[in-house]
Protein chains: 2
Amino acid sequence: MYVELIGYMAAILTTAAFVPQAYKIWKTKSADGVSLTMYLIMFTGVSLWGIYGFFIESKPMILANCITASLLIMIIYFKIKHK
Amino acid sequence: MYVELIGYMAAILTTAAFVPQAYKIWKTKSADGVSLTMYLIMFTGVSLWGIYGFFIESKPMILANCITASLLIMIIYFKIKHK
């Protein structure tokens, strides 16, 4: 139980760290400062972590990686649309 | 076995996504483009993921988060030193 709590705290923090970037891109409708390659690699990695979390039955990992992957899709969408 | 492989692939990709940022900061000796708050939140989150990985006995998670935490420490060090 405590272990899951650590997982959820980790999930909140690492997801929260992505929010300012996503918000800035959403607000300015520009993703000039970020690298498309980096975000595509990150998206693939985060998706694989989500699949891994599914296999090891870790709810915090599934949740965190789904939310982060959604934020990354938004960043990638703006990056491709406005390049 | 396949599951651990997915974990290691995820670990390589999400760690790799941090390397260009860390390399750029190392090379230019400047961390102007990055937010200290964001990296401190990220570092705390990544450390908690590492602890979580230790408890659920996931080697890919321990490895990935140790390396990412080290890269983040380097970024934070440069950010504080050169501000």
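Position numbers for residues count from 1 along each chain, tracking the sequence in the order it is written. Chains and ligands are labelled by the order in which they are written, letters from A for the one and numbers from 1 for the other. Owing to the predicted nature of the model, reporting of local features is limited to residues with pLDDT of at least 70; listing and counting of side-chain atom pairs is limited to 80 or more, with chain, interface and lining totals taken over all residues. As a convention, hydrogens and water are excluded, and side-chain values are obtained from all of the structure's heavy atoms.

**Q** Even after reading the chapter, I still don't get helix α1 (residues 2-16) of chain A, so can you show me in this structure?
**A** Think of an α-helix as turning once every 3.6 residues; residues three or four places apart then point the same way. Between its first and last C-alpha atoms α1 of chain A spans 21 Å; for 15 residues at 1.5 Å apiece the expected length is 21 Å, and the two agree. Buried means the residue's accessible area, taken with a 1.4 Å probe over protein chains only, is under 20% of the maximum for its type, while exposed means over 50%, and partly exposed covers the values in between. Only DSSP runs of H or I covering at least 4 residues are called helices, and only runs of E covering at least 2 are called strands; the numbering of each starts at the N terminus. Residues of α1 of chain A that are buried include every one of Ile6, Gly7, Ala10, Ala11, Thr14 and Thr15 of chain A, and no others. Around the axis of α1 of chain A, the buried residues are gathered within 155° of arc, so they sit on the same side. Of the exposed residues in α1 of chain A, those oriented more than 90 degrees away from the buried face are Tyr2 and Ile12 of chain A. Residue contacts are defined here by distance: any two heavy atoms, one from each residue, within 4.5 Å place the two residues in contact. Looking at the buried positions of α1 of chain A, the neighbouring elements they touch are α2 (19-28) and α4 (59-81) of chain A together with α3 (36-55) of chain B. Helix span, expected: 1.5 Å multiplied by one less than the number of residues in the helix. Summarising the geometry, the arc corresponds to the directions from the helix axis toward the C-beta atoms.

**Q** I would appreciate a short explanation of the interface of chain A and chain B in the present structure.
**A** Contact with chain A, which involves 28 residues of that partner, is made by 28 residues of chain B. Summed over both partners, the accessible surface that disappears when two parts come together, traced with a 1.4 Å probe, is what is meant by buried area. The junction of chain A with chain B conceals about 2400 Å² of combined surface from both sides, 86% of it contributed by carbon and sulfur atoms. Should a side-chain nitrogen of Lys or Arg be within 4 Å of a carboxyl oxygen of Asp or Glu, the pair is scored as a salt bridge. Across the chain A-chain B interface, the total number found is zero salt bridges. Two N or O atoms form a polar contact when they lie within 3.5 Å of each other; inside protein one atom must be a possible hydrogen donor and the other a possible acceptor, and for residues adjacent in sequence the pair counts only when both atoms belong to side chains. Scanning the region where chain A abuts chain B turns up six residue pairs in polar contact (both at pLDDT 80 or more). Elements represented by at least two residues in the side of chain A that touches chain B include exactly α1, α3 (36-55) and α4 of chain A. Tallying contributions element by element places α3 of chain A first for the side of chain A that touches chain B, with 11 residues.

**Q** What should I look at first to understand the nonpolar core in this one?
**A** Across soluble globular proteins, you tend to see nonpolar side chains buried next to one another. One finds Phe18, Tyr39 and Met42 of chain A together with Phe18, Tyr39 and Met42 of chain B to be the most contacted residues of the largest nonpolar core, which totals 32 residues. Setting aside anything within four residues of it in sequence, one finds Phe18 of chain B in contact with Met42 of chain A together with Tyr39, Met42, Thr68, Leu71 and Leu72 of chain B. In plain words, nonpolar cores are sets of buried Ala, Val, Leu, Ile, Met, Phe, Trp, Tyr and Cys residues tied together by side-chain atoms within 4.5 Å. Listed in part, the 16 residues of the second largest apolar core include Ile6, Trp49 and Met61 of chain A together with Ala64 of chain B.

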